[in-house]
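# Structural characterization, general
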Amino acid sequence: MKDYLRTEIRHVLDTLGDVPESFEIELEKPAREEHGDLATNTAMRLASVLQSNPRSIAEDIAEGLREQVDPDRIRAVEVAGPGFINFRFSQNYLFRGLADLLEAGEWYGRSDQGAGRTALVEYVSANPTGPLTVGHGRNAVLGDTIANLLDWTGHEVTREYYFNDAGRQMRVLGASVRARYEAMAADEVPTKTIEVDEGDAVEVPESFPEDGYLGDYITDIARSVYDEHGASLLTTETLRPFIEAAEEQILAEIEETLADLDIHMDAFFNEQSLYDEGQVQSVVDALTENGYTYEEDEALWFKATEFGREKDRVLIKQSGEATYRTPDIAYHVTKFERDFDVIVDIFGADHIDAYPDVLAALDVLGYDADRVEVILYQFVTLVRGGEPVKMSTRRANYVTLDDLIEEVGADVARFFFLMRSSDTHLNFDLELAKEASDKNPVFYLQYAHARICSVIDKAEEVGLSFDAEPDLSLLTHEDEVALMKELLRFPTELQKAAEARAPHFVPTYLREVATAFSQFYDRCRIVGEDDELAVARLHLARAAQIVLRNGLTVLGIAAPRQM
RNA sequence: GCGCCCGUAGCUCAGUUGGAUAGAGCAUCGGACUUCUAAUCCGGAGGUCGCAGGUUCGAAUCCUGCCGGGCGUGCCA
């Protein structure tokens, strides 16, 4: 409809003369219903160009439009306010849209904006050092839903998890496991205490690293190593078997956690492969050849300050090891080399200072770093009874993502992560999340869907059916029309959300759909009306069911038949 | 100090590219169920859009300064 009106308006503008080709016609849904179904501010924006007052320009345009516009689509063109031109849809336009919606069914909402374009969404990317946290949950759900949105707008999407199993973090992890293992395998192991947090101390084996991982899962992994190897590893020097066992088990658990949220990655990209195939070295070489590195204190530095960064950054440490950012650059190079049209990264706010260095390096290497879209999300605070839940990562006594899913369920978890814009700090209210009541917006949507299913069942019981061709033109009640208009916005809403990489548009929209349906349900009965009208309304109910179900599917949330 | 994000109703938050009388949910007050799931619907009350300037036909939205909160500012990731 917008495209149609744009071309029609363009025709009229051409007759007025002096309107540049590049002038873009904006159409939007007015905030108030009395202002029609779509409105344009064209006249006001042309006032200075045409040297005239907006109101009279609007009148001229409206006059032209009234003569040429298809009455089967637009029933009214009005001038209002300071010079808005408002359009009202004809009933037939709505009926046709509804018929199309029903025809499309589970495909309704899909579009082909991104057809022929490939997209890589990198998310989660937590290193396998422990269970996923609630913060990772926000990352995972955001990334997954953005991937869904890109899919629904026609992109060919790859969901990728990047992880690091080399370097210091993993050594500390391996050493932690080894210390616990030694305590199990050896007869007598000396212990020491480590202070964590404020004045809180724990007893650990003597060989336990000062900054080691204290969670119980480390002991579980140690036990599995012991079960497999007995005491035979006590004499080996290497941490390798401990690291490998830890990585394998932790990654497997992470995958399970993600699966609980209905998240399934297409690929796990291992940092190690970038070393094995020489890509890390190539990046270092290329940056050096172009004169963007220097040596100091036996380390190799990247001249980030030349790109407006606050300080230069180390690429290769004194020890000869790369910092995390060097393979990260190499990893991003592969995103370009693999030829993705759309590249999206999901990062927590704590990475705010890290990624610009990577982008700057990509620029130097001749890649268009502007094409990397970084979605930053702010932190999550769990709230219980109005109080923030205290967490200590050090002791690993934080609430894990598994804990959260167990407590509130996967659907609620996904919805709460998605309902807020990614750049606001998220207060996750556990009490509210658990409450299966009208206070909880997830249930409002699911309830509306379940109720539609129930209504349809009931209608079929009394002999109404979808077989006959419905006369949709009987749907003229105020609440029927309002619901139709709401439903027909779905494809556009998905496109907006996809383009803005803003999943939170979808929950907001679906709530409006559920409300429109509830109002319709409250005032327009199906069973008991005469057959013609009942069948038409039955189809409208199914249309609402389709939109709710498809919308919830995009969000990765179940659409239950009953509650 | 510097960089990024946030500041909108009592609470949690929408309000993308500047548009008409700033919206929703919760909480609160009042009303609606012999009938398809009341986990619902209808209505009332509730606002200096952090503060001060600026840009323009028009600013919650853009610019500048200030105030308050968060996250960074590692040869950790």
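In the block above lies the structure referred to throughout.
Numbers given for residues are sequential positions, taken from 1 along each chain in its written order. Labels follow written order: the first chain is A, the first ligand is 1, and so on. For a predicted model such as this one, the threshold for reporting local features is a pLDDT of at least 70, and the threshold for listing and counting side-chain atom pairs is 80 or more; totals across whole chains, interfaces and linings nevertheless cover every residue. By convention in this description, side-chain values take in all heavy atoms of the structure and omit both hydrogens and water.

### A word on the packing of aromatic side chains
Here a pair means two rings of Phe, Tyr or Trp (six-membered ring of Trp) with centres within 6.5 Å. Their orientation is stacked below 30 degrees between planes, edge-to-face above 60, and tilted elsewhere. A full pass over the atoms with the stated rule returns 19 aromatic pairs. With centroids separated by 6.4 Å and ring planes inclined at 70 degrees, the aromatic side chains of Tyr161 and Phe163 adopt a geometry described as edge-to-face. For the pair Tyr161 and Phe163, one class covers both residues: buried. Measuring from ring centre to ring centre gives 5.4 Å for Tyr292 and Phe307, while their planes differ by 45 degrees; the resulting arrangement is tilted. With Tyr292 in the loop between α10 (279–289) and β10 (293–296) and Phe307 in the loop between β11 (299–302) and β12 (313–316), the pair connects residues that are 15 residues apart, well separated along the chain. For every residue, the accessible area (1.4 Å probe, protein chains only) is compared with the maximum for its type, and the residue is labelled buried under 20%, exposed over 50%, or partly exposed between those bounds. On the basis of relative accessibility, which here comes to 30%, the residue Phe307 falls in the partly exposed class. Clustering of aromatic rings is evident, with ring pairs tying together Tyr108, Phe490 and Tyr509. For a ring to carry a charge above it, either NZ of a lysine or CZ of an arginine must fall within 6 Å of the ring centroid while also lying within 35 degrees of the normal to the ring plane. Sitting above the plane of the Trp152 ring, Arg110 keeps its charged end 4.2 Å from the centroid. The ring of Tyr444 has Arg511 lying over it, and the distance from NZ or CZ to the ring centre is 4.3 Å. Numbering of helices and strands runs from the N terminus; a helix is a DSSP stretch of H or I covering at least four residues, while a strand is a stretch of E covering at least two.

### Some remarks on helix α3 (residues 54–68)
Expected span, for any helix, means 1.5 Å times one less than how many residues it has. Its 15 residues give α3 an end-to-end C-alpha distance of 21 Å, which sits within 8% of 21 Å, the value for a rise of 1.5 Å per residue. When we look at burial in α3, the residues that qualify are Ile57, Ala58, Ile61, Ala62 and Leu65. The buried residues of α3 occupy one face: seen down the axis, they fall within an arc of 130 degrees. The contact definition used throughout considers only heavy atoms, calling two residues in contact when any of these lie within 4.5 Å. Where α3 is buried, its residues contact α1 (2–16), α2 (42–50), β3 (74–80) and β4 (84–89). Here, the arc refers to the directions that run from the helix axis to the C-beta atoms.

### Comments concerning the packing of helix α16 (residues 441–461) against helix α19 (residues 505–523)
Packing of α16 against α19 brings their axes to within 10 Å, and their N-to-C directions diverge by 45 degrees. It follows from the interaxial angle that α16 and α19 lie oblique. Where α16 crosses over α19, the two elements pack in a sense that is left-handed. In this structure, α16 uses Pro441, Tyr444, Leu445, Ala448, Arg451, Ile452 and Val455 to contact α19, whose residues at the interface are Leu510, Arg511, Ala514, Thr515, Phe517, Ser518 and Tyr521. Only Asp, Glu, Lys and Arg are considered charged, only Ala, Val, Leu, Ile, Met, Phe, Trp, Tyr, Cys and Pro nonpolar, and every remaining residue, Gly among them, polar. Broken down by class, the residue content of the contact of α16 with α19 amounts to 10 nonpolar, two polar and two charged. Geometry is summarised by axes, namely lines fitted to C-alpha atoms with helices restricted to the contacting stretch, and by angles between N-to-C directions that run from 0 to 180 degrees. Angles are sorted into four bins: roughly parallel if under 35 degrees, roughly antiparallel if over 145, roughly perpendicular if 65 to 115, and oblique for all others. Each crossing gets its hand from how the near helix is turned against the far one by less than a right angle, where anticlockwise is left-handed and clockwise is right-handed.

### Re the sheet that holds strand β17 (residues 426–429)
One bridge is not enough; two strands pair if DSSP finds at least two bridges between them. Spatial ordering of the open sheet is given by β16-β15-β17, a layout of three strands whose pairing is mixed. Two strands bound the open sheet, and with one partner strand each, they are β16 (387–388) and β17. With two bridges joining them, strand β15 (residues 380–384) and β16 adopt antiparallel strand pairing. Opposite Val383, over in β16, you have Pro388 as the bridge partner.

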